[in-house]
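This is what each chain is made of:
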Amino acid sequence: MWGLTQIHLLCRTLSFDMDPECSQLLPALCAALVDPRQPVTDDTCLEKLLDWFKTVTEAGSSLLLLQENPCLVELLLHVQKPQDLSPGVLSFSLRLAGLFAAQESCFQYLQQGELLPGLFGELGPLGQAAWTAPTVRSGWVQGLRSLARHPSALHYLAGSGALGTIFSLQGDPSLFVASAAGQLLAHVLALSMHSQAEGQPCPQACDWPACAQKIVGHIEESLGSPAAPQVTQALNVLTTTFSHCHSPWTQVLWVRLRPLVASLLEKDPIPAAHPLVDLLLSVARSPVLSPDGGLWETLAQTLSCLSCTQAGPLALGVLKLQNCPQALRAQAFGVLLQPLVCVLKAAAEAPGPPGLLDGVMADLAAVDALLSSRSACAGLLCQTLAWLELLQPMPQRPSPWPQAALLEAAVTVLRLCNGSAAPASDEGARLCAVLAGCVRVQRAALDFLGTLSQGTGPQELVTQVFAVLLEYLKDPDSSPTVLKKAFQATLGWLLSSPRTPGCCDLDPHTQQFLRELLPVLQKRLCSPCWEVRDSGLEFLTQMSLRWGGQAGFRHILLASELPALAEQLLCDPESYVRASAVMAVGQLSRLGLQAIPTSPEHPGEHPGGRQSLFPDLLHVLCTDSEGFPRRAAMQVFTEWLRDGHTEVAEDRERFVAQVLQAASQDLDWEVRAQGLELAQVFLAQMLGQPGAHCPYAVAASEAAPPGQLAQALQALCRVRLFEFAFRALSDCDRPVARKSCDLLLFLRAKAAPCSGLQEAGSSPDVAPVEAALQSWWAGEQGQGLEGLEGLEPKAALAMLRSMDLEGLRGTLAKSSDHVEKSPRSLLQDMLAAVGILGDNEADCY
């Protein structure tokens, strides 16, 4: 044991620095915290205060902190007295004491002053009425978790009776307290073994420290208990231990406890099946545990004993392991496939040739689980399909992968759900009745079917896939979410369709499917349900993006009414649909697939008979009441400008000027930010860098030739880009201001070496421009920016060179509350909340 003199000398060798103003505020705050007449109702402030103390104690000596601020010791002394303190303050104090005691010198100081027994022993909250509050129990556990960092803490826990309290808190009615207690036990076990094993070989179990012996003994007793909750608590502690501690002693622990774990499999029913699975997987993933300890045998036995519902997570985890015996992998994969095997055998219309799944026997328990109820069947199938979907793209998936059989199973499940299957067996008929119209299973099966499009399959099965997808897209009873999944799966299979060798067009099977699909899509775009219209438009956009340049697709699409319907939906009452319509018609127009007007006379008609869409989309940008369509319009305009769309090529400057004018006045910050994105593309094009991906990379910028720069500046002034960018520098939304600042920095870097635009003695008068900007930035937006109207290139360049854009970028990079986000501000706010400080003395934290 250390003496107080030694502790005092030690802490003096450690540096500690606290703001003097904070030290002056602490006594008043501590007094307010222990005063029942001044309750601190904001627990968030207490959490922030704890965060600050944690930072302080990590940077210096906790003992010196207590000695220089005795009010903190007084706070901890007051907590020991039975009084009417709020549970939040009691919990805060216990956690604060744990932070201080995390340093061994401060722990000794608090223990010799009888503070620790008064806080964490029977004399403290543990024996008071406040213990009934879960917040206090949680603070007690977290305080012990913080102080359990050194050997002195271990001796205290072993001899104070705290371990017994932690054992009982494992069964606390509060899940947060129970979970924290289990994690604390795992932490104390690891700490005690680490302290024992430093510099020594791994000790045998009989030589373990007292704390470890008590905890392991408690775990063994719990594993042998007939009560499932106690078994669960023990398994959870072990799972935490093996997941976070990878020291050699864990091998000794597993060898000691494995027989008790294996004995759980002999009980009927098996207690705590899910925690047992978690434990076995944590052991299997540990890099220090040897499988020679009977791990693989235990895993195989567990897969055999658990039901298919319980064993699924274990089977998936086994298949993800890197070094796993092939026989165990095969067993695990068979467990995952059980539900689909039952589906295929139950739904078989007649006995067929042997399939890839025939090696997996249909378990009677799995059949019973499928047929027991609609919810059980749906849960098991959804779980199975999701796990197989997760395995499909993984490199360690089972090989060979039964692609054809899984395709058949997915199609069968979908047909059982929509009633198109005709099973011959009684089980199949019952399964069909159980799954009829089950939206949950339909969504899962469609997701899985879409994932299977990454592989291949026999043409006969692929034809069945497209047929069942078309059934779902046609079915008027398909829910909006199911239709969305069907569209996504259809797109995946269309994208994976093989192309005819030597031909760049669609293969005949795909063209035939599209001829059947597009009339269905037309009907969906007229659906009274907005989600269906929205999904249809998204699907149309994706199809056009993929096949817009192929003659077969263009012919089928232009022969349909889809382009015209998409344009009509620009006026849809639902904003999401209008946004999707904007994206769809923008994509179609970019590819030359927009609708051809039926009227021979149209004022906005282009050569070739197609109508100009720019006025319609500009109208959306200027007048739509919702942000989503306006953002979509800006995205389309930016893509048009980048791709050199015909709507842009006619008069690029006029196009950019109109779009920037609308974007600069928009109330949605994302629209304004996209306006700056469009300005970026225009600037790159004017400087001869149309392919520049990151024109904001100031350091890598090269100067533009003087003649090209002069022309670019004149064009930027004509489209009023400078007015937009300068105004955006003071935008109330920080991303817009940052983007504008980066844009102007890039332009200034391009113009910096070119002095020919600003000759000596001919510096323009930028005072009116600066005055207009200062008024705007000061909040006088009502006056407009008349000083920037008709801005000449020389004046714009002078403004760029005179502004501290680097400093502004640094300011914008800081958080919005960096000025007042300080401990002093927090303390002042807390004191003001209880009326000790006046309002004028507190900051707005």
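Residues numbered from 1 in each chain as written. Predicted model: local features only at pLDDT ≥ 70, side-chain atom pairs only at ≥ 80, totals over all residues. Heavy atoms only, no water.

Another point: the overall build of the protein chain. Each helix and strand in the protein chain was counted, giving 43 helices and zero strands. A buried classification covers 53% of the 845 residues belonging to the protein chain. Pairs at least 24 residues apart make up 72% of the contacts formed inside the protein chain by residues separated by at least 6 positions. Accessible surface, the protein chain as shown: approximately 37400 Å² in total, 54% of it carbon and sulfur. (Helix = DSSP H or I, 4+ residues; strand = E, 2+ residues; numbered from the N terminus. Buried < 20%, exposed > 50% of the residue type's maximum accessible area, 1.4 Å probe, protein only. Contact = heavy atoms within 4.5 Å. Areas by Shrake-Rupley, 256 points an atom, 1.4 Å probe, with all protein chains shown as cover.)

In this structure, Pro 269 follows Asp 268 across a cis peptide bond, with omega equal to 0 degrees. By the secondary structure assignment, Pro 269 is in the loop between helix H15 (249-263) and helix H16 (273-285). The residue after Ser 399, namely Pro 400, is reached through a cis peptide bond having omega 5 degrees. By secondary structure assignment, the location of Pro 400 is in the loop between helix H21 (374-391) and helix H22 (403-418). In this structure, Ala 272 is a non-glycine residue whose phi angle is positive, near 55 degrees. Looking at where Ala 272 falls in the secondary structure, it is placed in the loop between H15 and H16. According to the relative accessible area criterion, Ala 272 is buried, its value standing at 13%.

On to the packing of helix H7 (residues 104-112) against helix H10 (residues 151-160), then. Following both chains from N to C, one finds H7 and H10 inclined at 40 degrees, their axes separated by 9 Å at the closest point. On the side of H7, the interface is formed by Glu 104, Phe 107, Gln 108 and Gln 111, while H10 contributes Pro 151, Ser 152, Ala 153 and Tyr 156. When the residues that make up the contact of H7 with H10 are grouped by side-chain class, the tally is four nonpolar, three polar and one charged. (Axes fitted to C-alpha atoms, helices over the stretch in contact; angles between N-to-C directions. Nonpolar A, V, L, I, M, F, W, Y, C, P; charged D, E, K, R; others polar.)

The next point concerns the pattern of salt bridges. For the coordinates displayed, the defined rule picks out 20 salt bridges. The partner of Glu 21 in a salt bridge is Arg 824, with the nearest N and O atoms 3.4 Å apart. Here Glu 21 is found in helix H2 (residues 20-33), whereas its partner Arg 824 is found in helix H43 (residues 823-833), with 803 residues between them in sequence. Glu 670 is the salt-bridge partner of Arg 631, the closest N and O atoms lying 3.5 Å from each other. Of this pair, Arg 631 sits in helix H33 (residues 627-643) while Glu 670 sits in helix H36 (residues 669-686); the two residues are 39 residues apart in sequence, bridging distant segments of the chain. (Salt bridge = Lys/Arg side-chain N within 4 Å of Asp/Glu carboxyl O.)

A separate point is H10. All of the buried residues in H10 are Ser 152, Ala 153, Leu 154, Tyr 156 and Leu 157. Directly after H10, the chain includes Gly 161, whose backbone phi takes a positive value near 85 degrees.

According to the stated counting rule, one finds 18 aromatic pairs in the structure shown. Taken together, a centroid distance of 6.5 Å and an interplanar angle of 55 degrees make the contact between Phe 120 and Trp 140 tilted. Here Trp 140 lies in helix H9 (residues 134-147) and Phe 120 lies in helix H8 (residues 115-120), a separation of 20 residues in the sequence. For the residue pair Phe 120 and Trp 140, the accessibility class agrees, reading buried in each case. On the numbers, 4.6 Å between centres and 50 degrees between planes, the contact of Phe 466 with Phe 513 is tilted. With Phe 466 in helix H25 (residues 459-474) and Phe 513 in helix H27 (residues 508-525), this residue pair connects regions lying 47 residues apart in the sequence. Taken together, the ring pairs in this structure connect Phe 614, Phe 637, Trp 640 and Phe 655 into an aromatic cluster. Lying over the aromatic face of Trp 208, Arg 256 brings its terminal NZ or CZ to 5.9 Å of the ring centre. Taking NZ or CZ as reference, Arg 631 lies 5.2 Å from the ring centre of Phe 628, over its face. (Phe/Tyr/Trp six-rings, centres within 6.5 Å; stacked < 30°, edge-to-face > 60°. Lys NZ or Arg CZ within 6 Å of the ring centre and 35° of its normal.)

With respect to the helices and strands, the residue Ser 192 is situated in helix H12 (residues 175-197). In this structure Ser 192 comes out as buried when scored by relative accessible area, which is 2%. A polar atom in the side chain of Ser 192 sits 2.9 Å from the backbone oxygen of Leu 189. For Ser 192, the residues in contact, after removing those within four places along its chain, are Leu 154, Pro 209, Cys 211 and Ala 212. (Polar contact = N/O pair within 3.5 Å; in protein donor to acceptor, adjacent residues only side chain to side chain.)

With that settled, the discussion passes to the environment of Phe 726. Assignment of secondary structure puts Phe 726 in helix H38 (residues 721-728). Relative accessible area serves as the criterion here: at 0%, Phe 726 is assigned to the buried category. Considering only alpha carbons, one finds Phe 726 and Ser 740, 14 residues apart in sequence, at a separation of 7.5 Å.

What follows covers the environment of Phe 448. Note on placement: Phe 448 falls in helix H24 (residues 439-452). When the C-alpha atoms of Phe 448 and Leu 388 are compared, they prove to be 7.6 Å apart, with 60 residues separating the residues in sequence. Contact partners of Phe 448, with chain neighbours within four places excluded, come to Leu 385, Leu 388, Glu 389, Leu 406 and Ala 410.

One can describe the packing of helix H32 (residues 614-623) onto H33 by two numbers: an axis separation of 8 Å at closest approach and a directional angle of 140 degrees. The orientation of H32 with respect to H33, classified from their angle, is oblique. The interaxial crossing formed by H32 with H33 has left-handed handedness. Contact residues: H32 offers Phe 614, Leu 617, Leu 618, Val 620 and Leu 621, while H33 offers Pro 629, Arg 630, Ala 633, Met 634, Val 636, Phe 637 and Trp 640. Residues belonging to the contact of H32 with H33 are distributed by class as follows: eleven nonpolar, no polar and one charged. (Parallel < 35°, antiparallel > 145°, perpendicular 65-115°, else oblique. Left-handed = near helix turned anticlockwise from the far one by under 90°.)

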